[in-house]
Amino acid sequence: MPVNTTNKPDYLSLDAPEFGQRVEIVDGVYWLRMPLPFLLGHINVWMLRNDDNSVSIVDTGLNTDDTQSHWRALIGNTVLREVIATHLHPDHIGSAGWLCDTYDAPLIMSRVDYLMCRVLVSDTGKTAPEEGVDFYRSAGFDEAAIERYKAMFGGFGTMVSTLPVSFRRLRDGDTLHAAGRDWRIIITGGHCPEHASLYCEAERLFISGDQILPTISSNVSVWPTEPEADPLGDWLDACERLKRELHPDTLVMPSHGKPFHGVTDRLQALLDEHHQGLAKLRTHCIEPRRVVDTFEVLFKGRISEGNLIMATGEAQAHLNYLIHRHQIESTLTDGVAWYRTVG
């Protein structure tokens, strides 16, 4: 659930590119944007011009006619060497299969995200499972909200073109050469199982995907497929790791918002925000609460039908984090989970 924060990153003094246009950030690294039909409005994607004049791209936008029309204009007759996906979410991988097929290029991404994406796409057209219904009922959904969940189920696949049946795996610590540079792959968890960011340490450039964003926090959610997961623990560990490994003067190229400097301060602000939320949650749950009762202490914005699923997943992630650390316990009563602070 994106939450605005008060820190002010040091943005590059560049105007954002119009959809279908590109802006050169540094030699051979281009900033592009693709439209999104929801709140964020856009995703940043990146084109890397290689030594042989081919291009590599990082992230793709959704599987829409508009996005694919922009890609046709931007790639033109240039050879597309590879399609790199930072992770499995549709705004990042939606047109990947189409690009790979159209330009005969390989897909490169982490293994778990590739496989998870194919699993989620396979849900298209299926009925919502009882495990999912039970998950959201236990969170405190009323029947109207349950029916909305059922109606939305399987929508993931409608935004993703058919993925290639094979891919090249990115592992943590791998080196990928593109745009005349070596990029170290950093795999982190929390926002997704295996998020892959690209770090050129020599020039202090970081293509961050959704791992570091300048004005909002990445969504970190628990889903019905793994109801006892601890993604927030993984995500906080990732933020601490990046504080250690990224040079303070690194230029962050995020998936949403503008490129910026100030990565160390931004990471600390994200850590502080979530730890403050956890502290408020422990106080709030001195009296037993359902998941839906915790929104008021975790989120500043209004929770509506449009963001209820994301808010629930993120609230559950905070509760699970505290459960895994024995600071909150849960009790199931008539199918509804109640959470109470321990001690």
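Residues numbered from 1 in each chain as written. Predicted model: local features only at pLDDT ≥ 70, side-chain atom pairs only at ≥ 80, totals over all residues. Heavy atoms only, no water.

**Considerations on the overall build of the protein**
To keep things clear, this is the line we draw: The helix count covers DSSP runs of H or I at least four residues long, the strand count covers runs of E at least two residues long, and both are numbered beginning at the N terminus. Radius of gyration: over C-alpha atoms. The globule rule applied is 2.2 Å multiplied by the number of residues raised to the 0.38 power. Think of it in three bands: with a 1.4 Å probe and only protein chains considered, a residue is buried below 20% of the maximum accessible area for its type, exposed above 50%, and partly exposed in between. In these tables, accessible area is a Shrake-Rupley quantity obtained with a 1.4 Å probe, and a residue counts as shielded only by the protein chains included in the view. Note that His is not counted, nor are the chain ends; the positive residues are Lys and Arg, and the negative ones are Asp and Glu. Note on charges: their place is set at NZ of Lys, CZ of Arg, CG of Asp or CD of Glu.
Broken down by element type, the protein carries ten helices and 16 strands. For 343 residues, the compact-globule formula gives about 20 Å, and the C-alpha radius of gyration of the protein, at 20 Å, lands near that figure. Residues classed as buried in the protein amount to 55% of the 343 residues present. Roughly 15300 Å² of accessible area belongs to the protein as shown, and the carbon and sulfur atoms make up 49% of that amount. Computing the positive centroid from 31 side-chain charges and the negative centroid from 47, the protein places the two 2 Å apart.

**A closer look at the environment of Y321**
Here is the rule: Residue contacts are counted whenever heavy atoms from the two residues lie within 4.5 Å of one another.
Topologically, Y321 is positioned in helix α10 (residues 308–324). Linking Y321 and D230, residues 91 residues apart in sequence, is a C-alpha distance of 5.6 Å. Setting aside residues up to four positions removed in sequence, Y321 forms contacts with D230, L232, G233, L236, H275 and L278.

**Things to note about the confidence of the model for the protein**
We count it as follows: Confidence of the predictor at the level of single residues is given by pLDDT, which spans 0 to 100.
Model confidence for the protein is summarised by a mean pLDDT of 96, while 98% of its residues fall at 70 or above. With pLDDT under 50 throughout, residues 1–6 is counted as low confidence; its partners more than four residues away or in other chains account for 25 contacts.

**As for the packing of aromatic side chains**
Definition in use: Aromatic pairing here means that ring centres of Phe, Tyr or Trp (its six-membered ring) are within 6.5 Å. Orientation follows from the plane angle: under 30 degrees is stacked, over 60 is edge-to-face, and everything else is tilted.
Evaluation of the coordinates by the stated rule reveals nine aromatic pairs. Judged by centre distance (5.0 Å) and plane angle (25°), the rings of Y136 and F141 are stacked. Note on accessibility: Y136 and F141 belong to one class, buried. Between the aromatic rings of Y136 and Y149, the centroid separation amounts to 4.8 Å while the plane-to-plane angle is 50°, which identifies the pairing as tilted. With Y136 in helix α5 (residues 130–138) and Y149 in helix α6 (residues 143–152), this pair connects stretches of sequence that are 13 residues apart.

**Quick word on the pairing of strand β9 (residues 175–178)**
The test is simple: Note: two strands are recorded as paired if DSSP finds a minimum of 2 bridges between them.
The two faces of β9 differ: L176 and A178 on one face are buried, but T175 and H177 on the other face are not. Pairing geometry for β9 and strand β10 (residues 181–188), over four bridges, is antiparallel. Within the sheet, the bridge partner assigned to H177 lies in β10 and is D182. In this structure, the hairpin formed by β9 and β10 is closed by a connection of two residues, where A179 is found at a positive phi of approximately 55°.

**Description of the pattern of salt bridges**
Quick note on the threshold: We define a salt bridge as a contact between a side-chain nitrogen of Lys or Arg and a carboxyl oxygen of Asp or Glu at a distance within 4 Å.
Inspection of every chain in the model, using the stated rule, returns twelve salt bridges. Across the salt bridge formed by R148 and E305, the nearest N and O atoms sit 3.5 Å from each other. One end of the pair, R148, is in helix α6; the other, E305, is in the loop between α9 (295–298) and α10, and 157 residues separate them in sequence. Relative accessible area serves as the criterion here: at 53%, E305 is assigned to the exposed category. Via salt bridges that share partners, D172, R184, R241 and E245 belong to a single interconnected network.

**Brief notes about the sheet that holds strand β6 (residues 80–84)**
The strand order across the open sheet formed by seven strands is β2-β3-β4-β5-β6-β7-β8, and the pairing between neighbours is mixed. Both outer strands of the open sheet, β2 (22–26) and β8 (168–169), are each paired with one neighbouring strand and no more. Looking at chain direction, β6 and strand β7 (residues 107–109) are connected through two bridges and run parallel. Residue pairing for β7: V83 is matched across the bridge by L107.

**Describing a nonpolar patch on the surface**
Rules: Think of a patch as exposed residues, more than 30% relative accessible area, with no salt bridge, where like charges cluster within 9 Å and nonpolar side chains (Val, Leu, Ile, Met, Phe, Trp, Tyr) cluster within 5 Å.
Together, F38, L39 and L40 line one region of the surface with nonpolar side chains, adding up to about 340 Å² of accessible area. Of note, L39 is situated in the loop between β3 (29–35) and β4 (42–49).

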